[in-house]
Amino acid sequence: MNTRSTLVDRARADERLAALLKQAPLEFARAVYGINDYASGRTETMAAREVVRAQRQGMPLTEERAEQRARAYLPTVGQEHCPRCWVVYGHKTPLRFRKADGERPEVGSCHMCGAEYATSQE
């Protein structure tokens, strides 16, 4: 039997997962913008740079593949992964979470692509 070394606040975990699930369609739209920018010769945009980076890594990005990955994005409690890395590159890169403080909500950040996602309403 597998047991966790730390207790998980179920309500907090559900809120975190719900916030991350909302990001996958946004990352799909960002990927489509990047594909279109790159095809139009606007290679200086951030989204187009992601497309170029994916191609350099041997993972050509197509709209169909990005949509398929966006629909398949399903983080689980304790194994939350970056929506951008999943949709664009097909990698499940774990997110690092910074707790909420007085002025800032909880944020999950990706060390691979640099994306940050607010995961709480606070």
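A. Region of the structure containing the nonpolar core. The biggest cluster of nonpolar side chains holds 23 residues, and the ones touching the most others in it are Leu61 and Cys82. Where this core is concerned, the elements lending two or more residues are helix H2 (23–39), helix H3 (46–56), helix H4 (63–72) and helix H5 (83–89). Each residue touching Leu61, except ones within four places of it in the same chain, is listed here: Ala31, Ile35, Val51, Ala66, Arg69, Val87 and Val88.

B. Representation of the packing of H2 against H4. It is at 9 Å that the axes of H2 and H4 come closest, and there the two elements cross at 170 degrees. Judged on the interaxial angle alone, H4 and H2 are roughly antiparallel. Facing Ala24, Phe28, Ala31, Val32 and Ile35 of H2, the residues of H4 in contact are Glu63, Ala66, Glu67 and Ala70. In terms of residue class, the contact of H2 with H4 is made up of seven nonpolar, no polar and two charged.

C. Expanded view of the pairing of strand E2 (residues 107–110). Of the strand pairs in this sheet, strand E1 (residues 95–98) and E2 are connected by four bridges, and their pairing is antiparallel. Residue pairing in the sheet places Leu95 in a bridge with Cys110 of E2. The turn linking E2 back onto strand E3 (residues 116–118) is made up of five residues, and Gly114 within it adopts a positive phi angle of 85 degrees.

D. Molecular detail of the sheet that holds E1. Taken together, three strands build an open sheet; the order of strands is E1-E2-E3 and the sheet is antiparallel. The sheet is open, and its two edges are formed by E1 and E3, each paired on a single side. Taking each pair of neighbouring strands and ignoring which way they run, the sheet shows an average axis angle of 25 degrees.

E. Spatial organisation of the environment of Met112. Here Met112 lies in the loop between E2 and E3. Exposure remark for Met112: the relative accessible area of 56% places this residue in the exposed category. Along the backbone, Met112 and Leu95 are 17 residues apart, and their C-alpha atoms lie at a distance of 9.4 Å. With residues up to four places along the chain from it excluded, the contact list for Met112 reads Cys85 and Thr93.

Conventions used here
- Counting starts from 1 at the beginning of each chain's written sequence and moves along it residue by residue.
- Since the coordinates come from a predicted model, pLDDT governs what is reported: local features require at least 70, and pairs of side-chain atoms require 80 or more to be given and counted, while whole-chain, interface and lining totals use all residues.
- As a convention, hydrogens and water are excluded, and side-chain values are obtained from all of the structure's heavy atoms.
- Here, nonpolar core means buried Ala, Val, Leu, Ile, Met, Phe, Trp, Tyr and Cys residues that are tied together by side-chain atoms lying within 4.5 Å of each other.
- Accessible area is worked out with a 1.4 Å probe on protein chains only. A residue is then buried under 20% of its type maximum, exposed over 50%, and partly exposed in between.
- Numbering of helices and strands runs from the N terminus, with a helix taken as a DSSP run of H or I at least four residues long and a strand as a DSSP run of E at least two residues long.
- Contacts are assigned to residue pairs with any non-hydrogen atoms lying within 4.5 Å of each other.
- Simply put, an axis is a line fit to the C-alpha atoms, just over the touching stretch for a helix, and the angle between two N-to-C directions goes from 0 to 180 degrees.
- For classification purposes, angles smaller than 35 degrees are called roughly parallel, those larger than 145 roughly antiparallel, those between 65 and 115 roughly perpendicular, and all remaining angles oblique.
- Three residue categories are used. Nonpolar comprises Ala, Val, Leu, Ile, Met, Phe, Trp, Tyr, Cys and Pro, charged comprises Asp, Glu, Lys and Arg, and polar comprises the others, including Gly.
- Strand pairing is assigned whenever DSSP identifies at least 2 bridges connecting the two strands.

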